[in-house]
Amino acid sequence: MKYATRLLVTYLFFSILSFSIIIISVNKAIDYYSFVTIEKQMIEKADISELSFREILTRYETETEKVKPDELAQAVLEVLKASGVEVRIYDSNSKLIGSAKNGIIVNNGSPKIYKGNIKNALKGNYSYLVTDNKLIYFAIPVQDKYYQNVYVFEIVENISYYYDIMHKVRTVLLTGAGGFIVLITLSSLYIARKTTKPIKYLLGATEKFSKQQFEPVKLNRKDELGMLAEGLNQMGIKLNSYIQYQKQFVSNVSHELKTPLAAIRGFSQYLNEGDNEDKELKKIYSHLLHESDRLTKLIDELLILSRFDKASDLKTEKEDLSELTYKVVRSLQPKADMGELIIETDLRSGVMAEVNPVLMTHAVSNILDNAIKYSNTGGHIRVEAYIKEEIDHSLNMAVIKIRDQGIGIHQDELALVQERFYRAGNSITTKGSGLGLSLCKEIIEKFNGRLNLESEFGVGTTVTILLPLA
Ligand SMILES: Nc1ncnc2c1ncn2[C@@H]1O[C@H](COP(=O)(O)OP(=O)(O)OP(=O)(O)O)[C@@H](O)[C@H]1O
Ligand SMILES: [Mg+2]
């Protein structure tokens, strides 16, 4: 997951989590406090009703010897019939003894009675319940002169208005939450972009460093990222000067070695070609010549490399790559024959590219030389030159592909073999300096092309050169 995405996801996760907790708590708080208010209102109403009820009851108790419940209920209802949407009176056996609906006394009918609610009230406490159709049944115990809970006065109220308000509050809350989440997402996106922009810039700088392009890294900030940019800058300067020093050193040494090496080679050739009866000496002279040839090749390659490092204006011309490749194949044919290798060619016409022919020949020879060197006796090598067509024809590429059935390169060494002086584990038995491929890569990149290396250990290697079509 990208850093910006991770930042965004984390930020969003925690924002939404905290916001959800807030919403749930607010919702619960509204629920709780609204109900507390309803309860308080009902208790106030209940207290007034109970007072009136007891007044009437006391009057009855003093006037008559035995209170007739029906009469009492009637009298109470006359006074309290409008206390709620519905008003009911129960005796101590939870039996309904009178009721009124919408302010009118009802003498018949058998409404649904919530016995539990009445029984609770008869124990001496307020008791209430809310039905599914949003009605609250609030039961109040009424005591006689002996402080016995002998009657229950029940007020029924419609509290659907409260649920409507709750619903509206919730809608407002959720709409707000939606807007908040959109805002949070946008601001997280903005913050993630803003934070990762300098990081991306630094990443780009390190990528350029790895290609040895040391451009100054500038970030106008005084924080850790600014310090990192400054650190990278210093590192780039030091690395660049070190690389320049190393290149200069190699170039100087190569120049110094060139003349004495030419002398050594000349003398060894003279000795090798001279008449000599001693077989041992002849072997030594031949070895001397062979080794000085190898050293001369190495010095030549090193000099090409150092010329590369210095010269920015390299002479190029439009070259037929098929023709150039054909010449290389011809020149290396004897070496292939020695290893009993068959070189198949498929070289198409019109494969043109803007290159320096000497350097390009050197690059293709190096790759074919590797294919021959790292092939087993009797193997096949396929050399192709063709045009790779792209959807956008202006990007068509000239391709040279050399495929062998040789010993192959391990995957973890594929990138390393393109470095200067690196020789893979497979090359112990063959001679070389490890410069060939790195030189090819630099030559091809100089002509704005690229080198592609594919290989499977024990199966073979394919090297592809891609150059802009001229
Ligand atoms: N076609 C190939 N098949 C198998 N291994 C290869 C092939 N081409 C290159 N290699 C590996 O990559 C390494 C680097 O190749 P490179 O051409 O740079 O050096 P070299 O062949 O060892 O020496 P020279 O400088 O003489 O070319 C080789 O040592 C070899 O291990
Ligand atoms: Mg080589």
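The residue numbering used here restarts from 1 in each chain and proceeds along that chain's sequence as written. Note on labels: chains are lettered from A, ligands numbered from 1, in written order. Selection of residues for local features in this predicted model requires a pLDDT of at least 70, selection of side-chain atom pairs for listing and counting requires 80 or more, and totals for whole chains, interfaces and linings are taken over all residues.

(A) Local environment of the site of ligand 1. In this analysis a residue is considered near a molecule or strand if the C-beta atom, reconstructed from its backbone, is found within 6 Å of that molecule or strand. Near ligand 1 there are 22 residues, and of these Y374, A424, G432, G436 and L437 occur at the shortest range. Going along the chain from the N terminus, every DSSP run of H or I of four or more residues is numbered as a helix, and every run of E of two or more is numbered as a strand. Elements supplying a minimum of two residues to the shell around ligand 1: α8 (357-373) and α9 (436-446). Of the residues contributing to the shell around ligand 1, the split by class is eight nonpolar, 12 polar and two charged. Residues are grouped as follows: nonpolar covers Ala, Val, Leu, Ile, Met, Phe, Trp, Tyr, Cys and Pro; charged covers Asp, Glu, Lys and Arg; every other residue, Gly included, is treated as polar.

(B) Local environment of the sheet that holds strand β8 (residues 342-347). In space, the five strands of this open sheet follow the order β8-β10-β11-β13-β12, with mixed pairing throughout. The strands lining the two open edges of the sheet, one partner per strand, are β8 and β12 (450-456). For this sheet, the mean inter-axis angle between neighbouring strands, taken without regard to orientation, is 10 degrees. Criterion used throughout: strands pair if DSSP finds at least two bridges between them. Relative to strand β13 (residues 460-468), strand β11 (residues 397-404) is paired through eight bridges, and the arrangement is antiparallel. Note on β13: the bridge partner recorded for K401 is T464. An axis is simply a line fitted to the C-alpha atoms; with a helix, the fit covers only the stretch in contact. Between two such axes, the angle follows the N-to-C directions and lies from 0 to 180 degrees.

(C) Quick look at the domain arrangement of the protein chain. Boundaries between domains were set according to an automatic or database domain assignment. Domain parsing of the protein chain yields domain 1 (3-164), domain 2 (224-310) and domain 3 (317-468). Each of domain 1 and domain 3 was reduced to a C-alpha centroid, and the two centroids are 95 Å apart.

(D) Quick look at the packing of helix α1 (residues 3-63) against helix α4 (residues 160-210). Put simply, α1 and α4 touch, their axes get as near as 9 Å, and they point 160 degrees apart. In terms of orientation, α1 lies roughly antiparallel with respect to α4. For α1 against α4, the interelement crossing comes out right-handed. Residues of the contact of α1 with α4, tallied by class, amount to 24 nonpolar, seven polar and three charged. What sets the label is the angle itself: under 35 degrees gives roughly parallel, over 145 gives roughly antiparallel, 65 to 115 gives roughly perpendicular, and the rest give oblique. Less than a right angle of anticlockwise turn of the near helix away from the far helix marks a crossing as left-handed, whereas a clockwise turn marks it as right-handed.

(E) Summary view of α8. Compared with the 24 Å implied by 1.5 Å per residue over 17 residues, the 24 Å span of α8 between its first and last C-alpha is a close match. Each residue is classified by how many other C-beta atoms fall within 10 Å of its C-beta atom, where C-beta atoms are placed from the backbone; a count of 20 or more means buried, 12 or fewer means exposed, and values in between mean partly exposed. Every buried residue belonging to α8 is among L359, M360, A363, V364, N366, I367, L368, N370, A371 and I372, and all of these are buried. The span one expects for a helix is its residue count, reduced by one, times 1.5 Å.

(F) Molecular detail of the pairing of strand β10 (residues 380-388). Two elements, β8 and β10, share six bridges in a ladder whose sense is parallel. Bridging from a neighbouring strand, L347 pairs with A385 of β10. Two elements, β10 and β11, share eight bridges in a ladder whose sense is antiparallel. Looking across to β11, one finds that I381 is bridged to D404.

(G) Quick look at α1. Over its 61 residues, α1 extends 89 Å from the first C-alpha to the last, a length consistent with the 90 Å expected when each residue adds 1.5 Å. For α1, the full list of buried residues reads L8, A46, S49, F53 and L57. Throughout, a residue-residue contact means that the two C-beta atoms, derived from backbone geometry, are no farther apart than 7 Å. Looking at the buried side of α1, the elements it contacts are α2 (69-80), β5 (135-143), β6 (149-158) and α4.

(H) Structural view of the nonpolar core. Think of a nonpolar core as buried Ala, Val, Leu, Ile, Met, Phe, Trp, Tyr and Cys residues chained together by C-beta atoms that fall within 7 Å. If you look at the biggest cluster of nonpolar residues, it comprises 40 residues, and the most contacted ones within it are A363, V364, I367, L368 and I402. Among the elements of the structure, α7 (321-338), β9 (352-355), α8, β10, β11, α9 and β13 are those that each provide at least two residues to this core. The greatest single-element share of this core, amounting to eight residues, is contributed by α8. When near neighbours in sequence (up to four residues on either side) are disregarded, I402 contacts I367, L368, A371, I381, V383 and V463. A46, I89, Y90 and I155 belong to the second largest nonpolar core, which has 27 residues in total.

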